[in-house]
Structure formats: structure tokens, C-alpha cells
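# Examination of the molecular architecture
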Amino acid sequence: MLIVLKKGTTEEEMNTLLEMTGIFGLEVQKFQSDDITVLSLIGDTRKIDTDLLESLDMVECVKRVRESYDGCSRRRHPEDTVIDVSGVRIGGGSFAVMAGPCSIESYEQLLSTAKEVKNAGASVLRGGAFKPRTSPYAFQGLGDEGIRILLDVKKETGLPVITEIMSLKYLDLYSDVDIIQVGARNMQNFELLKELGKSDKTILLKRGFSNTLDELLMSAEYIVSGGNSNIILCERGIRTISTHTRNTLDLASVPALHEMTHFPVIVDPSHGCGVARYVTPLSLSAVACGADGLMLEVHDNPSLALSDGAQAITGAEFALLCEKICKIRSAIGN
Ligand code: PEP
Ligand code: MN
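These notes cover the structure that comes with them. (Residues numbered from 1 in each chain as written. Chains lettered and ligands numbered in written order. Predicted model: local features only at pLDDT ≥ 70, side-chain atom pairs only at ≥ 80, totals over all residues. Heavy atoms only, no water.)

## Things to note about the nonpolar core
Judged by nonpolar contacts, the single largest core of 63 residues is most densely connected at Leu 125, Leu 205, Leu 233 and Phe 318. It is helix 6 (residues 213–225) that contributes the most residues to this core, 6 residues altogether. Once residues lying within four places of it in the same chain are set aside, the contact partners of Phe 318 are Val 97, Ala 99, Val 117, Ala 120, Ala 122, Leu 296, Val 298 and Ile 313. Within the second largest apolar cluster, 14 residues are counted, among which are Ile 83, Val 124, Ile 179 and Ile 232. (Core = buried A, V, L, I, M, F, W, Y, C linked by side-chain atoms within 4.5 Å. Buried < 20%, exposed > 50% of the residue type's maximum accessible area, 1.4 Å probe, protein only. Helix = DSSP H or I, 4+ residues; strand = E, 2+ residues; numbered from the N terminus. Contact = heavy atoms within 4.5 Å.)

## Overview of the coordination of the manganese ion (ligand 2)
In the first shell of the manganese ion (ligand 2), the protein supplies Cys 102 (SG), His 271 (NE2), Glu 297 (OE) and Asp 308 (OD), at 2.0 to 2.4 Å from the metal. Each donor residue of the manganese ion (ligand 2) lies on the same chain, and together they follow the pattern C-x168-H-x25-E-x10-D. Of this pair, Glu 297 sits in strand 14 (residues 293–297) while Asp 308 sits in the loop between strand 14 and helix 10 (315–331); the two residues are 11 residues apart in sequence, bridging distant segments of the chain. When its relative accessible area of 1% is taken as the criterion, Glu 297 is described as buried. Its relative accessible area of 18% is what places Asp 308 among the buried residues. (Donors = N, O, S within 2.8 Å, 3.2 Å for Na, K, Ca; no water.)

## Digging into the packing of helix 3 (residues 107–120) against helix 4 (residues 144–157)
Interhelical geometry of helix 3 versus helix 4 gives an angle of 40° and a closest axis separation of 10 Å. With respect to each other, helix 3 and helix 4 are oriented oblique. You can see that helix 3 and helix 4 cross each other, and the crossing is right-handed. Every residue of helix 4 that contacts helix 3 at Tyr 107, Leu 110, Leu 111, Ala 114 and Lys 118 is listed here: Ile 149, Leu 150, Asp 152, Val 153, Glu 156 and Thr 157. (Axes fitted to C-alpha atoms, helices over the stretch in contact; angles between N-to-C directions. Parallel < 35°, antiparallel > 145°, perpendicular 65-115°, else oblique. Left-handed = near helix turned anticlockwise from the far one by under 90°.)

## Remarks on the packing of aromatic side chains
Inspection of every chain in the model, using the stated rule, returns 2 aromatic pairs. Aromatic side chains Phe 130 and Tyr 170 sit 4.5 Å apart centroid to centroid with 25° between the ring planes, which places their arrangement in the stacked category. On the criterion of sequence distance, the pair formed by Phe 130 in the loop between strand 8 (124–126) and helix 4 and Tyr 170 in the loop between strand 9 (161–164) and strand 10 (179–182) is long-range, its members being 40 residues apart. Each ring, one from Phe 190 and one from Tyr 222, has its centre 4.6 Å from the other, and the planes form 25°; the classification is stacked. Here Phe 190 is found in helix 5 (residues 190–197), whereas its partner Tyr 222 is found in helix 6, with 32 residues between them in sequence. Note on Phe 190: relative accessible area 31%, which makes it partly exposed. Relative accessible area serves as the criterion here: at 30%, Tyr 222 is assigned to the partly exposed category. The ring of Phe 209 carries Arg 239 above its face, with NZ or CZ at 5.1 Å from the centroid. (Phe/Tyr/Trp six-rings, centres within 6.5 Å; stacked < 30°, edge-to-face > 60°. Lys NZ or Arg CZ within 6 Å of the ring centre and 35° of its normal.)

Dropping the structure here:
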């Protein structure tokens, strides 16, 4: 970490600062010229509050050289991490499509959608059992019954499954779930992240709709620091001034995250735009941007879906999209 001091800072002021940094057992090197003094702090600076340092009168600016998300950082781990979920590889050039309904509504509904998406090329089945809904009066999901249906359909089709966790009190229900999803609303539920850090399950961590990429990676760091490095990150759109879509799908986050971290990055265009008609173009754009996979909401009859029907594509549309994905992937050399 580098601290640039304002011109005119006295030795006495500097000593107060050195006392502060000394608490953390850091080595300090001083570089001084006529008009600038720079302190270089060497050691583990992760506990240092840069905002506090910057608030001091004598400090011009502070620059972290090493990221606080050490376990996630590309600098520390230059090779891509490849996640293997029951034989499905994601990252490092392996691409996976996760698809299925927003909510699990019944065994028949999930099984028929699962068969359709599997035939079209999906390698992971998605389906929500515990649903984070804005209104308490909206369909909340089938809960534990939904997880049972998901596991039955997994057995029937052989597809690995992903579903969202909302509360640690249901963690035991997820023992046969292949990927646990932490949704946008829980991206900064640190107690949940700490507990998932103790498990060896693959965690799909979605970006919160008002969170920066640094914050997303700090959340992933909670899981890594607990000992679990099976992480997939997911861009699912953020809140902006735009009103023509439900969220603004930030596709630039894909190459940016690939620079910042070694973990695979997938894109969820369904929540990213909220409009079924836009899902295909945005999916193809995400592939062209280098995404390691897609998460798509598919429903056999979107107009009757119990949640997120407006953004669901049909099985037939999904099959067409999968063909186009293959073309884009081969066009960009994959
Ligand atoms: C979902 O995947 O169904 C979901 C609720 O996603 P998000 O957390 O991105 O809103
Ligand atoms: Mn949904």
C-alpha cells in the first residue's frame, strides 16, 4: 500500500501515522523528494482502513497495490479455475448452459422442461424452490417440496441441478444439490457466505443489483477464506437509469472480471433484461464477450408461469438459441 503525503507534512504528523500503521506490524519505507513524500507499507495491509487514512489532513491519497480479495485475484492465481460439477466443466474454455424454470411449480412441469432443455444442449438444470420475491403476497416457491421435486428430476434425467438458498436453516436440504445459488439479494449476506465457505459445494454467486465488481469479489472472498474455492460468478444485471429493461445487463463485467479473477463468469440474461424477446440477443452477446456459461429461464408456457413469466423463453426458443450459441462459439474460436 502506498500513502502519498501532502506537501508540508511535519515529522511529528508523520510519526502519528507511523504509529497507526505500526499497530498492524507493517514495515514502512519512506521515499522523499523536495515536494512529495510517499510511504510504502509492506506486509498484510488487508486490515487497514484506507478511507480512514484518506480522511487525515496530511494524506493526499492512498493506493492499495495488492487487492483485498487475495484468494480470488488473478494476480495471485494466473490460471483459470475450472469448476467440475458432476462431470460438467465450467471455465478455462469449457462452456455450460444452465436452464430451467424460474420456479419449480410441479414435478410434471419440471420434468418436461428438464427433458426439453437437456435435448437442446443444457448441461445443468435450474429451478427455484425458495424464491426471493419483492412482494410477500407473490408466489414464494414450493420450499422443501420444490427441492424434493428437483432431486427427483435430477435422478430421472441425470442432469446436475442448481437452486437458490435463502436461509441457512434449510442448508441440510441442499446436500444432494450440485450447485447452490446465492442470489443477488443475498450477495452480501455475510453469515450465509461464511457458512457456505465451510462446505465443499459449488457456489454460484450472483452480483447484487447495486454492487460493484470489487464488492462481488469481496463477497466471493468470504467463501474462499472459509476454505471453499468452488465458485462461479454470475452477472445478472444492475440497477441503472434505464427503464426499457428490468435491469441493465453489464456485459463489460465479463472481460473485466476475467482480468480481476480466475473464477469462471457466467451471465444470466433473463434477469438481466426481464424481457423474453431480448434474451436471445443478449445471450449471444454474452457468449461473444467470453462468458463461461449462461443461466436461462425456460418455461413451457411462460404466460402461465408462477414467477418471471415475462422473461422466460420457451423450450423451442431455447433450442434455437443453443444452435446459435454453438455458431458464435465456433466463430470466436471455441
Ligand atoms: C433467480 O435466479 O431466480 C433469481 C431470483 O435471481 P437473482 O438473484 O439474480 O434475482
Ligand atoms: Mn427468476
